[in-house]
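Read off the chains here:
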Amino acid sequence: MNVLVCVKRVPQTGGRMVLAPDGRSIDTRFLGFTISPHEECGVEEAVRVVEAHGGMSAVLTLGPAEAEDQLRDAMAIGIDRAILLETSGGEWDPVSTAAAIAEAIQVQEAANGAFDLVIFGNEAADTGDYQVGIRVAVALGRPVINGIKGLTLTDGVAHARREAGGGGWETYALPLPAVIGVKEGLNLPRYPSVPGRLRAKRKEIERVALGGSPAGALGLGAGEDAAVEGTGVGAVPGPTMVGLRLPAEERTAATVIGHGADAAPAVVDLLLQLGLVH
Amino acid sequence: MAAGGAGGPILVFVEQVGGEVDRLSLEALAFAAPLAAAAAGARVEIVVLGSEAAASAGTLRDSGAALAHVVADARLDTYAPVAWAAALGAAMDRSSAVVVVAPGSDRGNEVLAHLAARRGLPMAAHVVSVAPAASWRLVRQRWAGSLLEDAALDAPVRLVSVAPHAVAPIEAGAGAGPPVEAQLFDADLHDADFDVRVGGIEASEADGVSLTDAKVVVGGGRGVGSAAGFGQLEELAGLLGGAVGGSRVVTSLGWRPHSDQIGQTGLRIAPDLYIACGISGAIQHIVGCKAAKRILAINTDPDSPIMSVADYAVIGDLGAVVPAISAELRRRAGAA
Ligand SMILES: Cc1cc2nc3c(=O)[nH]c(=O)nc-3n(C[C@H](O)[C@H](O)[C@H](O)COP(=O)(O)OP(=O)(O)OC[C@H]3O[C@@H](n4cnc5c(N)ncnc54)[C@H](O)[C@@H]3O)c2cc1C
Ligand SMILES: Nc1ncnc2c1ncn2[C@@H]1O[C@H](COP(=O)(O)O)[C@@H](O)[C@H]1O
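Residues numbered from 1 in each chain as written. Chains lettered and ligands numbered in written order. Predicted model: local features only at pLDDT ≥ 70, side-chain atom pairs only at ≥ 80, totals over all residues. Heavy atoms only, no water.

### Here we look at the sheet that holds strand S5 (residues 81-87) of chain A
Residues and elements named next belong to chain A.
For step 1, the next point in the chain: An order of S7-S11-S6-S1-S4-S5-S12 is seen for the seven strands of this open sheet, with the pairing classed as parallel. The sheet is open, and its two edges are formed by strand S7 (144-148) and strand S12 (206-211), each paired on a single side. The sheet shows a mean angle of 20° between the axes of neighbouring strands, taken without regard to direction.
For step 2, the next point in the chain: Taken together, the three bridges between strand S1 (residues 2-6) and strand S6 (residues 117-121) define a ladder with parallel strand orientation. Its bridge partner lying in S6, Val 5 is registered against Ile 119.
For step 3, the next point in the chain: Lying over the sheet, helix H3 (residues 94-112) contacts S1, strand S4 (56-63), S5, S6 and S12, oriented at roughly 140° with respect to S5.
For step 4, the next point in the chain: Each of S6, S7 and strand S11 (178-182) touches helix H4 (residues 132-140); the most contacted strand, S7, lies at about 160° to it. (Pairing = 2+ DSSP bridges. Helix = DSSP H or I, 4+ residues; strand = E, 2+ residues; numbered from the N terminus. Axes fitted to C-alpha atoms, helices over the stretch in contact; angles between N-to-C directions. Contact = heavy atoms within 4.5 Å.)

Right under this line is the structure:
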């Protein structure tokens, strides 16, 4: 079973975000980087599938040279191979991102054989575009389902489940090769071991230079022929980010109603006042 | 590239279950109305799928919609993203829509992404507002709403999903106006469009008060210290008829199941009161609980970021504060 998982390097924000002076990115001078929790579960799942069924796991990202860190993190918990589609900074819109990933998958498969399963996060942590995995699947002509929180593979079929609106689980059966978008909760990712980290450090990363501009790299954009149904080729790119801003502040500054256990009567008074106890 | 916009219809994808239109679709209708008003002569049309579709369109009085495109194919009663997208695309062609608006639900986003991929169109997810002009400017959410993006969207047909709870829903069926006129049509769906579909429903293993319905949620973070430490939160939640949730730290550590996680990659809750115990208030946690009417923080650190989001705070060790609150509740219940 060959499995590919696609991850995106994003800043590890926690406190209130600060924007860079040009207002087009987050100020990351004091931040680390990570991937979405959804994608962490995707990485863990890829490792588990190969542990259970044999085969080879790979991780792919489209991003700057520094995204190598996220690829090594994935290899540290057991991913076998890593592919970096290297950009020279700047944002790639989801249409261009999906087209580049789909093309890279085709190149990989021609050289190394098909991926039985390609795993995406349900949505990227930063842009939350909800579409890259689906676009790639459509371009490759493979079945795809998003929102997956449970997966078993038997006899060439991916049995997947996702939360149903009114509680409970919807089940899906997709013949392999297939694409799935996963959500956190799919599994509990392991922590990398020290030997795992050391091994990951020494591993080769395959690099593909994409250049700076998605439109230039892919020949996408206005004036291109209308899209061909079922392929990502010739698609109109977008949306195009113009700028970022912070939502209006809703700061309240909490009223301190007490300290330590002595605060209990004041808390219960508050609960009474809010009508939450009688 | 043709600049879509003025005049052409705005098509809203309306989800219904058993004839009842879901809330996020009502929000999508509310989002579409001013958009149509701003584009001179544009009207709102809707598309509804499945055997209950015509009935559900009938409940939408005063929705602002002029027409409902109905695909009454019973195969669409079961969720099948490709088939739903094909039907939506057929309605889009039929109406010559220049904008398609979908609800910001799992299904809404997924179906719209399939349509976008099939047609080679861009799609903007979780849009908050739009300034329609020849070249569209829109505002959309990033980081689950912790950050806003101004974006341009230029395409022959513009596809947008609406950020959940960014606009108030229209009041379905409240008005005295006539129901929307329903036009049934055949979307020419193929069997292969149904290859990926819901094959069955499994019961959930969860029980008790659900986190999304609870009036009081007691949330625990790293400050709770251990899985066993959640016993005191359970006790307090039990006394208040509430539910227990947590931060990502506690689900990653295995102290709680992921289904208890509140935040960007967990649940969005909106209780009357959220009691955040030993939670620092990272933005990814806050996006999950900021819809709470009130927030009470219990934290040893008076400078913790949660203090600028909470309405009330108790400064102190939750291991002392939480049991004391439970004891006080019991004492007063006994005295009453
Ligand atoms: C893309 C992405 C998505 C994420 N999604 C989520 C999400 O969905 N949900 C989520 O919660 N997080 C999410 N996170 C993680 C988030 O950034 C924080 O790391 C996490 O919320 C912190 O959890 P915490 O508050 O429990 O822990 P900490 O930040 O470690 O805070 C612990 C708090 O407990 C207090 N404390 C310690 N001891 C005590 C005591 N005895 N009594 C009282 N107070 C005490 C401390 O003062 C501190 O404020 C996400 C992160 C990323 C990058
Ligand atoms: N730059 C990228 N490199 C690799 N994978 C990506 C990239 N952007 C998005 N993805 C994948 O596509 C999923 C959905 O992203 P999005 O459509 O942007 O919300 C993410 O969770 C990732 O798995």
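### Re the confidence of the model for chain B
Note: predicted coordinates in regions of low pLDDT should not be interpreted at a detailed level.
Residue and element names in this part refer to chain B.
For step 1, the next point in the chain: Here chain B shows a mean pLDDT of 93. Residues at 70 or above account for 97%.
For step 2, the next point in the chain: The model gives residues 1-5 a pLDDT under 50, and that stretch makes 16 contacts with residues more than four places away or in other chains.
For step 3, the next point in the chain: Taken together, the chains of this predicted complex give a pTM of 0.95 and an interface ipTM of 0.96. (pLDDT = per-residue confidence, 0-100.)

### Some details on the site of ligand 2
Residue and element names in this part refer to chain A.
For step 1, the next point in the chain: Taken together, 19 residues lie near ligand 2, and Cys 6, Glu 39, Leu 62, Ala 124 and Gln 131 sit nearest.
For step 2, the next point in the chain: Here a nitrogen atom of ligand 2 sits 3.3 Å away from a polar atom, N or O, in the main chain of Val 7.
For step 3, the next point in the chain: Between ligand 2 and Tyr 130 there is a distance of 2.9 Å, counted from an oxygen atom to a backbone nitrogen or oxygen.
For step 4, the next point in the chain: Bound to the protein, ligand 2 loses 98% of the 480 Å² it would expose on its own.
For step 5, the next point in the chain: Breaking the shell around ligand 2 down by element, the ones donating at least two residues are S4, H3 and S6.
For step 6, the next point in the chain: Residues that form the shell around ligand 2 fall into these classes: nine nonpolar, six polar and four charged. (Near = heavy atom within 4 Å. Polar contact = N/O pair within 3.5 Å; in protein donor to acceptor, adjacent residues only side chain to side chain. Areas by Shrake-Rupley, 256 points an atom, 1.4 Å probe, with all protein chains shown as cover. Nonpolar A, V, L, I, M, F, W, Y, C, P; charged D, E, K, R; others polar.)

### Description of the interface of chain A and chain B
For step 1, the next point in the chain: In this assembly, 90 residues from chain A lie in contact with 84 residues from chain B.
For step 2, the next point in the chain: Together, the buried faces of chain A and chain B total about 7000 Å²; carbon and sulfur atoms form 58% of this surface.
For step 3, the next point in the chain: Across the chain A-chain B interface, the total number found is 10 salt bridges.
For step 4, the next point in the chain: Here Glu202(B) makes a salt bridge to Arg161(A), at a shortest N to O gap of 3.1 Å.
For step 5, the next point in the chain: At the junction of chain A and chain B, the tally comes to 37 residue pairs in polar contact (both at pLDDT 80 or more).
For step 6, the next point in the chain: In terms of residue count, helix H7 (residues 264-273) of chain A provides more of the side of chain A that touches chain B than any other element does, eight residues in total. (Buried area = accessible area lost by both parts, 1.4 Å probe. Salt bridge = Lys/Arg side-chain N within 4 Å of Asp/Glu carboxyl O.)

### With respect to the sheet that holds strand S14 (residues 255-259) of chain A
For step 1, the next point in the chain: Sheet architecture is open: six strands sit in the order S14(A)-S17(B)-S16(B)-S15(B)-S13(B)-S14(B), paired in parallel fashion. Strand pairing shows two members of the sheet lacking a second neighbour, S14 of chain A together with strand S14 (243-246) of chain B, which therefore form its edges. Geometrically, the sheet is characterised by an average inter-axis angle of 20° between neighbouring strands, direction not taken into account.
For step 2, the next point in the chain: Where strand S13 (residues 216-220) of chain B lies against S14(B), four bridges are found, and the strand directions are parallel. Counted as the bridge partner of Gly219(B) is Gly245(B) from S14(B).
For step 3, the next point in the chain: Contacting S14 of chain A together with strand S15 (273-277), strand S16 (294-299) and strand S17 (312-315) of chain B, H7(A) runs over the sheet at an angle of about 135° to S14(A).

### Here's the deal with the domain arrangement of chain B
A common way to report how large an interface is uses the accessible area buried once the components associate.
Residue and element names in this part refer to chain B.
For step 1, the next point in the chain: In terms of domains, chain B is made up of domain 1 (10-194) and domain 2 (216-335).
For step 2, the next point in the chain: Computed over C-alpha atoms, the centres of domain 1 and domain 2 are 37 Å apart.
For step 3, the next point in the chain: On the side of domain 2, six residues touch domain 1, which itself brings four residues to the contact.
For step 4, the next point in the chain: The tally of links from domain 1 across to domain 2 stands at zero salt bridges.
For step 5, the next point in the chain: Residue classes in the side of domain 1 that touches domain 2 are distributed as two nonpolar, two polar and no charged. (Domains from an automatic or database assignment.)

### Quick look at helix H4 (residues 106-119) of chain B
All names here are of chain B.
For step 1, the next point in the chain: Here H4 contains 14 residues, and its C-alpha end-to-end distance of 20 Å stays within 8% of the 20 Å for a straight helix at 1.5 Å per residue.
For step 2, the next point in the chain: The buried count for H4 comes to 11 of 14 residues, which makes it a mostly enclosed element.
For step 3, the next point in the chain: Listed as buried for H4 are Gly 108, Asn 109, Glu 110, Val 111, Leu 112, Ala 113, His 114, Leu 115, Ala 116, Ala 117 and Arg 118.
For step 4, the next point in the chain: Residue Gly 120 follows H4 closely and has a positive phi angle near 65°. (Expected span 1.5 Å × (residues − 1). Buried < 20%, exposed > 50% of the residue type's maximum accessible area, 1.4 Å probe, protein only.)

### Considerations on the pairing of S11(A)
Residues and elements named next belong to chain A.
For step 1, the next point in the chain: The buried count for S11 comes to five of five residues, which makes it a mostly enclosed element.
For step 2, the next point in the chain: Here S11 shows a buried face lined by Ala 178, Ile 180 and Val 182 and a second buried face lined by Val 179 and Gly 181.
For step 3, the next point in the chain: Pairing of S6 with S11, which is carried by five bridges, proceeds in the parallel orientation. Bridging from a neighbouring strand, Ile 119 pairs with Ile 180 of S11.
For step 4, the next point in the chain: As paired elements, S7 and S11 share three bridges and run parallel to each other. Following the sheet pairing, Ile 145 is matched in S11 by Ile 180.

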